[in-house]
Amino acid sequence: VAPMHVRGLADFETFKIGGSSSNPGRSNVLCVTLSANVPLVASLPVKVTVSGLSGANALSGALVLDGAQASSKHFDSVWDNVEKRMVFTVIADTVAGVEYSICGIVTNPRCAQRTQPVLIEASGVVIQPTAPSSVGAILMVGEAEIIETSIQQLDSTAGGPNELTIHFTSTVNLTQTAGKASSVIVRGLRGVVLPTGTVTIGGSSSNMFSACQNLDVNEGCKASTGIWGDSRDTLTLHLVSSLTAMDAVEVKLNFTNAETSQDGLCSIVIEIHAEELGCQIAPAPIMSASELRGTSKEALRIHSGNAVCFPVKLVSQSTSSPGATNTITLSLRPPVNVSADHVIVVSGLTGATTPDAMLRLLNSSSVFRPRARWSAGTGTLTLAVASGHTLSSAHTTTVTFDLANPHYPQESPALITVSVPGHVDIDKCAMDSGTDEAAPLEVVSPRFTVRTVQHNSTIMGGANLITVSLRSNVVLSNTRKSVLRVEGLFGSRTADSLSLPLTIVHGQGLALKASWRQSTGSLQVEVIDKIDVTTGICFSFVLHNGYTAVAQQINANATHVMALGMVPIGATSLMGNALHIVDLNGAQEIIGVCTCPSSADSTSCVCSTTLMGIAQGRSLYALKVELQCNSHAANLTISAGASVLAGIIQPPTSCHDQCQTYHTALGWTQLDPKLLLNSTSIEVDIAGDGLQTDYCGAGHMLKAVFTLRIAAAEALV
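Note that the structure is predicted; figures quoted are calculated from it, not measured.

1. Let's talk about the pairing of strand β10 (residues 119-123)
In step 1: Of the two faces of β10, the one lined by Ile-120 and Ala-122 is fully buried and the one lined by Leu-119, Glu-121 and Ser-123 carries no buried residue.
In step 2: Here five bridges tie strand β3 (residues 47-51) to β10, and the two strands are oriented antiparallel to one another. What sits directly across from Thr-49, in β10, is Glu-121.
In step 3: Sheet analysis places β10 next to strand β11 (residues 127-130), joined by two bridges and oriented antiparallel. Following the sheet pairing, Ala-122 is matched in β11 by Ile-127.
In step 4: Connecting β10 to the next strand, β11, in antiparallel fashion are three residues, including Gly-124 with a positive phi near 90°.

Take a look at the structure:
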């Protein structure tokens, strides 16, 4: 214990807490281990409260474990479901310094959450609220998911009857709740021919679903039905009974195959929308098993007669930005050579704002005539094979051309086809599309495609260089009155400023002064030129850390960025951490001293010392160097290991002949943990000149004190 360190009479020497499960909605055994430095006496009585267990659920009353009350012979254990806390009443005196463990079962929340800030305190024997000395992933819950998805069909004959079998599993329980719809949606079922509206479904789980949100027979509602949306190739199933977590669900759909041939689909997704859940479940891709691909059982693989599709028939785009010029790329290889008396027709590129025209082809291929006919109404491009040339079946030919994206978001067209009219050996078939933002004519809302934040200091009170990198899918400019705003930079002690200096790391277009507001943790800067959409912008600024520890974010990013102006971009989280401030209470402290002996022959010197016994793998190593004001020193340099440190504060002229005074030559400076990789020691040194007189009479003209602080293990977040 440090000298003059005073602590309360009663305290918890040990408080550890951990859980057995991070799965949403599952049972979780919480175990608390505690010990006090004084006996906890039953006669007072003493109550120990563990609070902050947000998200956990159990019936208020006796805490249970495996069906029995979770009490030890020393504690009676109760769960308070309103305050989300455990209360342990001492029923038999404890022994000071002895650890006791109590476990009980709660249910995790069904929505994701990060580790909870838990505290322990006691009444009867008063012990103030205390954080855990060791904490596991307490009530940190992962995202709800759709898993174990699969899909297959009965037959691939074009125009023939077919049946899809769909399997999936939810990792959370779902219930049908009045006024709150829960639905399963399967999207991307291209090639299914059904009338729009109510359809009958089969499968072992079909009675769990209906076309209605509630089973009201008076309204003609019944189970084992769904809703087919032909325009979006979507099957919607409303949940009308409970769906149990980890139970496999099976649904079957009967339909007629389309007349147009197509390969099996890899763009089918399944979604669960549950209003009663209170959070979103990420969509999941659903594909046929690998052994079924390329066979008649692969989902929505459709073929007809002897004619065959293009073996290579890919269409993709260059940008998904609203209103942008979009380069469309076609990659084509026919099953047989196509001569100059035929045309290649690509249809279904709907949504572009380019009017009817003869479009210039952008690539240098001489296979096609240099211009192709564009029909905006049907989204059709007609490519004519140039005279004397052939579209070869031996290799892939690439064609590029420009279209103008619509000004508003839209999904990529559901069906884009390629055909060679009049060619008996080539079937009209669906093209393969690029994925995500490369999907043709997929237009998304303005957003940041790159959004990161990082900092270089976690020291309380230290200067912290914050670096933000951004790239958007739309142009941000002064003509669009664009302004960037970063929010959530909490924990700084930097006062409000209308002219906080900014440094441009790369890119251009931002002002060099920003507006900073401490209370909201927000920084706002104007765009004074244009930010290029390909290079984006990276800028940095300095904030001073506060004197209160701030944990780095877990499973959620507290810092957000948005763009204001004529082309706004909604707030979205920045990836990374800023203003993570490490608590140095309880830090390990290592002190070393070095001196230079007095010399009549030299006015400069270098002295060094080795700091040893350094703990490994900690989140923060901070060094401070103080210089005795003996002979006046100038031109100081300080090194740690192989690194020369910046931020040296040269001593004032008054720093001499003041032997009880020490000048801070280096304030608390964060060391790169790599300097201590695989080592428990580091050599530090200081050099200076201008040394002439030993005023202090101790036989040396330069004396420096090095202090290294090392964050405690529990400060790791």
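2. Overview of the environment of Arg-114
In step 1: Mapped onto the elements of the fold, Arg-114 is located in the loop between β9 (100-107) and β10.
In step 2: A relative accessible area of 37% means that Arg-114 is categorised as partly exposed.
In step 3: The spacing of Arg-114 and Glu-683 is 569 residues in sequence and 40 Å in space, taken between C-alpha atoms.

3. With respect to the confidence of the model for the protein
Segments scoring low in pLDDT should not have their predicted coordinates read at a detailed level.
In step 1: Model confidence for the protein is summarised by a mean pLDDT of 87, while 94% of its residues fall at 70 or above.
In step 2: Every residue in residues 1-7 scores below 50 in pLDDT, and together they form zero contacts with partners more than four places removed in sequence or on other chains.

4. Observations concerning the state of the cysteines
In step 1: All told, the structure shown has seven disulfides when counted by the stated rule.
In step 2: Linked covalently through their sulfurs, Cys-596 and Cys-605 form a disulfide whose S-S length is 2.1 Å. Linking Cys-596 and Cys-605, the disulfide has an S-S dihedral of approximately 90° and is accordingly described as right-handed.
In step 3: The class for Cys-605 is buried, based on a relative accessible area of 15%.
In step 4: Two residues share a disulfide in this structure: Cys-659 and Cys-696, whose sulfurs sit 2.0 Å from each other. When the S-S torsion is -105°, as for the bridge of Cys-659 with Cys-696, the disulfide is left-handed. Of this pair, Cys-659 sits in strand β52 (residues 658-670) while Cys-696 sits in the loop between β53 (681-689) and β54 (700-710); the two residues are 37 residues apart in sequence, bridging distant segments of the chain.

5. Observations concerning the sheet that holds β52
In step 1: Read across the sheet, four strands follow the order β47-β54-β49-β52 without closing on themselves; strand pairing throughout is antiparallel. The open sheet is flanked by β47 (588-597) and β52, the only strands paired with a single partner. Going across the sheet, the axis of each strand differs from the next one's by a mean of 20°, ignoring polarity.
In step 2: As judged from the seven bridges shared by strand β49 (residues 621-629) and β52, these two strands associate in the antiparallel manner. Across the sheet, the residue bridging to Glu-626 is Thr-664, located in β52.

6. Examining unusual backbone geometry
In step 1: Residue Pro-45 is reached from Leu-44 by a cis peptide bond, and omega for that bond is -10°.
In step 2: Note on placement: Pro-45 falls in the loop between β2 (27-36) and β3.
In step 3: Its identity is not glycine, yet Glu-148 carries a phi of approximately 50°, on the positive side.
In step 4: Relative accessible area serves as the criterion here: at 54%, Glu-148 is assigned to the exposed category.
In step 5: In this structure, Ser-224 takes a positive phi of about 60° despite not being glycine.
In step 6: Here Ser-224 shows up in the loop between β18 (209-210) and β19 (225-229).

Calculation rules
- Residues numbered from 1 in each chain as written.
- Predicted model: local features only at pLDDT ≥ 70, side-chain atom pairs only at ≥ 80, totals over all residues.
- Heavy atoms only, no water.
- Buried < 20%, exposed > 50% of the residue type's maximum accessible area, 1.4 Å probe, protein only.
- Helix = DSSP H or I, 4+ residues; strand = E, 2+ residues; numbered from the N terminus.
- Pairing = 2+ DSSP bridges.
- pLDDT = per-residue confidence, 0-100.
- Contact = heavy atoms within 4.5 Å.
- Disulfide = S-S within 2.5 Å.
- Axes fitted to C-alpha atoms, helices over the stretch in contact; angles between N-to-C directions.

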